[in-house]
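These are the residues of each chain, in order.
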Amino acid sequence: MLAYTTEVFFSVFALYNAAIWPAQAVATALGVLVVLLSLRPCKGSDKIIATCLAGSWLWTGVVYHMMYFATIEGAAWAFGAAFAMQGILFAWTGAARGRLRFRFNPNL
């Protein structure tokens, strides 16, 4: 059983989305960029994709989980820390060291 109601849970989404506007449009544009770069790679595309993913993971961990979801769920701090750690790993492994490759593969 959750310690909060569905209404409270959805109100966190509403508050979060209102507070971060127009970041949603920026996130959508970056998502489109990531897909395009994975479909048609160019020089530096892997580092750009890794940077976008690192930023997304860090944002989700710190801004959403730690600043908003933590107001109703104590475990959100752990979720946020896990997301932030993964974001740091994306940044280090993919953006800084260039050790990740992102390519579209049409095969199952």
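Everything numeric here is computed off the predicted structure, so don't read it as measured data. (Residues numbered from 1 in each chain as written. Predicted model: local features only at pLDDT ≥ 70, side-chain atom pairs only at ≥ 80, totals over all residues. Heavy atoms only, no water.)

Draft legend 1. Expanded view of the pattern of salt bridges. Tallied over the entire structure, the rule returns two salt bridges. Here aspartate 46 makes a salt bridge to arginine 101, at a shortest N to O gap of 3.5 Å. Of this pair, aspartate 46 sits in helix H3 (residues 45-68) while arginine 101 sits in the segment after helix H4 (76-96); the two residues are 55 residues apart in sequence, bridging distant segments of the chain. Classification of aspartate 46 as buried rests on a relative accessible area of 9%. On the basis of relative accessibility, which here comes to 58%, the residue arginine 101 falls in the exposed class. Between aspartate 46 and arginine 103 there is a salt bridge, with its nearest N and O atoms 2.6 Å apart. Linking aspartate 46 in helix H3 with arginine 103 in the segment after H4, this pair joins segments that are 57 residues apart in sequence. Take arginine 103: its relative accessible area is 46%, and that puts it in the partly exposed class. Salt bridges linked by common partners bring Asp46, Arg101 and Arg103 together as one network. (Salt bridge = Lys/Arg side-chain N within 4 Å of Asp/Glu carboxyl O. Helix = DSSP H or I, 4+ residues; strand = E, 2+ residues; numbered from the N terminus. Buried < 20%, exposed > 50% of the residue type's maximum accessible area, 1.4 Å probe, protein only.)

Draft legend 2. Summary view of the environment of leucine 53. Residue placement: leucine 53 occurs in helix H3. Along the primary structure leucine 53 and leucine 30 are separated by 23 residues, whereas in three dimensions their C-alpha atoms are 9.3 Å apart. For leucine 53, the residues in contact, after removing those within four places along its chain, are Phe90 and Phe102. (Contact = heavy atoms within 4.5 Å.)

Draft legend 3. Molecular detail of the side chain of serine 45. When you line up the elements, serine 45 lands in helix H3. Within the structure, the side chain of serine 45 is placed 3.0 Å from the backbone oxygen of cysteine 42, a separation counted as a polar contact. If we skip the residues at most four places from it in the chain, serine 45 touches Leu37 and Arg103. (Polar contact = N/O pair within 3.5 Å; in protein donor to acceptor, adjacent residues only side chain to side chain.)

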